[in-house]
Number of protein chains: 2
Amino acid sequence: MAAPRQINAAPLTAPAFAPFGDVLEVAGDFRVINEGLCHRHHDLARLDFGPGGRAGISVFDAQARALPYDFTLVERHPDGSQAFVPMTAAPFLIIVAPDLGQRPGNPVAFLSNGAQAINFHRGTWHGVLTPLSEPGLFAVIDRIGPTPNLEEFRYDAPWRVVAA
Amino acid sequence: MAAPRQINAAPLTAPAFAPFGDVLEVAGDFRVINEGLCHRHHDLARLDFGPGGRAGISVFDAQARALPYDFTLVERHPDGSQAFVPMTAAPFLIIVAPDLGQRPGNPVAFLSNGAQAINFHRGTWHGVLTPLSEPGLFAVIDRIGPTPNLEEFRYDAPWRVVAA
């Protein structure tokens, strides 16, 4: 097998992640609620559950990985968006790739700051959920529906994500 | 003002919380995904965004409270469910009350275990978001729509939540 091609995990920011999805974090405008004791950063995710689908909340319990992290597999959900909300304050790894028309281009990687969730837009190529510490506990807001809603792609050589 | 009436914060469990909503946690059946590295606890919340509404994800940044905690205000959202997903592993306080027909009965309180989120069913009387430590960061999945979707009720005397 070929030597892994290396990619750096960049800090997760909304502008850098915009081609792939939304960063859900405390930033920008807010509404003051609950007698001043809470700021509501309103409606941050472009949710899309397609025809015949509906929103659901599932809990994912994923094994922690470590950097450097090697992978060949990415996937996408053609019928709906998918949000990963960490239920801990630990940073996690996010891998995405542009779409080149039915297959992904070269992947890019981001590292969250421990106070961010993300929402992949419908059809975005992404790596599987990769926490970097235990427990790998996430609330996942995605499409509940009758279709498989899954495409997988395997790169012909591995990629290696390293810390930036 | 009258002396606060005291209520104990009970451990949050799915059976005890069932009259008010769903506990989103690692429990019960799951689907094995991602080549065995992730368990998906599937579709745990009874979401309901009513006619004319849609699902949204907002981020709430709430000030931490402490026990004993005094309150008089509860509220409900007549047009949709509301899920509170903590983005830290810290326990938080959940206050709910049965509906006696346009007004709430006596409140009850629960304390999460640090690995639980909750979803209030549509129309459930509840206290405002009350983290017990900083940062009070939550992803909130609730109704985005054109109606106010808020009813408030003030008890005529305060309630005091204490640790069980």
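Under an unreviewed UniProt entry, chain A has the name Ureidoglycolate lyase and belongs to Aliigemmobacter aestuarii. What UniProt states about chain A under its Catalytic activity (unreviewed entry) heading is, verbatim, "(S)-ureidoglycolate = urea + glyoxylate".

Asker: An account of the overall build of chain A is requested, with residue identities and associated values reported.
Answerer: Helix and strand counts for chain A stand at one helix and 14 strands. In terms of C-alpha radius of gyration, chain A reaches 16 Å, essentially the compact-globule figure of 15 Å for 164 residues. Along the first, second and third principal axes, the C-alpha atoms of chain A reach 60 × 40 × 30 Å. A total of 164 residues make up chain A; the buried ones form 52% of that total. Of the roughly 6900 Å² of accessible surface on chain A, 54% is carried by carbon and sulfur atoms. Across chain A, 12 positive and 16 negative side-chain charges occur, with their mean positions spaced 4 Å apart.

Asker: Can you explain the interface of chain B and chain A? Please cite residues and give values.
Answerer: Across the boundary between the two partners, chain B contributes 50 residues, which contact 50 residues of chain A. For the chain B and chain A pair, buried surface summed over both sides reaches about 3700 Å², with 60% attributable to carbon and sulfur atoms. Where chain B packs against chain A, one counts six salt bridges. Ionic pairing is found between Arg40 of chain A and Asp142 of chain B, a salt bridge with its closest N-O pair at 2.9 Å.

Asker: Please give an account of the relation of the copies chain B and chain A that cites residues and values.
Answerer: The two copies are related by a screw motion: chain B maps onto chain A through a turn of 180 degrees and a shift of 0.0 Å along the axis, at an RMSD of 0.0 Å. Interpreted geometrically, this transformation is the action of a two-fold axis. A shared binding surface is used by both copies, with 100% of the interface residues of chain B retained as interface residues in chain A.

Asker: Quick rundown of the sheet that holds strand S13 (residues 136–144) of chain A? Include the residues and the values.
Answerer: Strands sit in the order S2(A)-S10(A)-S7(A)-S13(A)-S5(A)-S4(B)-S3(B) across an open sheet of seven strands; the sheet is antiparallel. The two strands at the open ends of the sheet, each matched to only one other strand, are strand S2 (21–24) of chain A together with strand S3 (31–33) of chain B. Taken over all neighbouring pairs, the strand axes of this sheet differ in orientation by 25 degrees on average, direction set aside. Alignment of S2 of chain A against strand S10 (residues 117–120) of chain A, held across four bridges, turns out to be antiparallel. Bridge pairing links Asp22 of chain A to Asn119 of chain A in S10 of chain A.

Quick notes on the rules
Residues numbered from 1 in each chain as written. Chains lettered and ligands numbered in written order. Predicted model: local features only at pLDDT ≥ 70, side-chain atom pairs only at ≥ 80, totals over all residues. Heavy atoms only, no water. UniProt positions renumbered as here; feature names shortened; annotations may be inferred. Helix = DSSP H or I, 4+ residues; strand = E, 2+ residues; numbered from the N terminus. Rg over C-alpha atoms; globule rule 2.2 N^0.38 Å. Buried < 20%, exposed > 50% of the residue type's maximum accessible area, 1.4 Å probe, protein only. Areas by Shrake-Rupley, 256 points an atom, 1.4 Å probe, with all protein chains shown as cover. Lys, Arg positive; Asp, Glu negative; His and termini not counted. Charge placed at Lys NZ, Arg CZ, Asp CG, Glu CD. Contact = heavy atoms within 4.5 Å. Buried area = accessible area lost by both parts, 1.4 Å probe. Salt bridge = Lys/Arg side-chain N within 4 Å of Asp/Glu carboxyl O. Least-squares fit on C-alpha atoms with pLDDT ≥ 70 in both. Pairing = 2+ DSSP bridges. Axes fitted to C-alpha atoms, helices over the stretch in contact; angles between N-to-C directions.

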